[in-house]
Amino acid sequence: MTFASGGMIFIGLFLIGGVISGIRQGLKLLAALAGVGAAMAITAGVMWWQ
């Protein structure tokens, strides 16, 4: 695992926390944007994994 892939996976997990926070606060747009960002970051991290 490279530093970049680990960082992207960490950012994706951080954004999943943002999804949970957005849902709890009733901010559906924030939750949706954080969900898209999390999916993209985790996908990038997995694809970078060597």
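Bear in mind that the values here come from a model prediction, so they are computed numbers and not experimental data. (Residues numbered from 1 in each chain as written. Predicted model: local features only at pLDDT ≥ 70, side-chain atom pairs only at ≥ 80, totals over all residues. Heavy atoms only, no water.)

## Thoughts on the overall build of the chain
- Looking only at helices and strands, the chain has two helices and zero strands in total.
- Based on the C-alpha atoms only, the size of the chain along its principal axes is roughly 40 × 10 × 10 Å.
- Taken across its 50 residues, the chain has 20% of its residues classed as buried.
- For the chain, the share of sequence-separated contacts (at least 6 apart) that also reach a separation of at least 24 residues comes to 68%.
- Put simply, the chain shows about 3,700 Å² of open surface, and 78% of that area lies on carbon and sulfur atoms. (Helix = DSSP H or I, 4+ residues; strand = E, 2+ residues; numbered from the N terminus. Buried < 20%, exposed > 50% of the residue type's maximum accessible area, 1.4 Å probe, protein only. Contact = heavy atoms within 4.5 Å. Areas by Shrake-Rupley, 256 points an atom, 1.4 Å probe, with all protein chains shown as cover.)

## Remarks on the packing of helix α1 (residues 3-25) against helix α2 (residues 28-48)
- Where α1 contacts α2, the axes come no closer than 7 Å and their chain directions differ by 160 degrees. When the axes of α1 and α2 are compared, the pair comes out roughly antiparallel. For the pair α1 and α2, the sense of crossing is left-handed. (Axes fitted to C-alpha atoms, helices over the stretch in contact; angles between N-to-C directions. Parallel < 35°, antiparallel > 145°, perpendicular 65-115°, else oblique. Left-handed = near helix turned anticlockwise from the far one by under 90°.)

## Quick notes on α2
- The end-to-end C-alpha distance of α2, which contains 21 residues, comes to 30 Å, matching closely the 30 Å that a straight helix rising 1.5 Å per residue would cover.
- Inspection of α2 places A31, A34, A38, A41 and G45 among the buried residues, and these make up the whole buried set. Down the axis of α2, the buried side of the element spans an arc of 100 degrees, and every buried residue falls inside it. Facing away from the buried side of α2 by over 90 degrees, the exposed positions are K28, L29, L33, M40 and M47.
- Those residues of α2 that are buried are in contact with α1. (Expected span 1.5 Å × (residues − 1). Arc of directions from axis to C-beta.)

## Points about the UniProt feature "transmembrane region" (unreviewed entry) in the chain
- Taking the UniProt record as the reference, the feature "transmembrane region" (unreviewed entry) is found at residues 6-23 and 30-49.
- Structurally, residues 6-23 comprises 100% helix and 0% strand, and the distance from its first C-alpha atom to its last is 26 Å.
- End C-alpha atoms of residues 30-49 are separated by 28 Å, and the span's content is 95% helix alongside 0% strand. (UniProt positions renumbered as here; feature names shortened; annotations may be inferred.)

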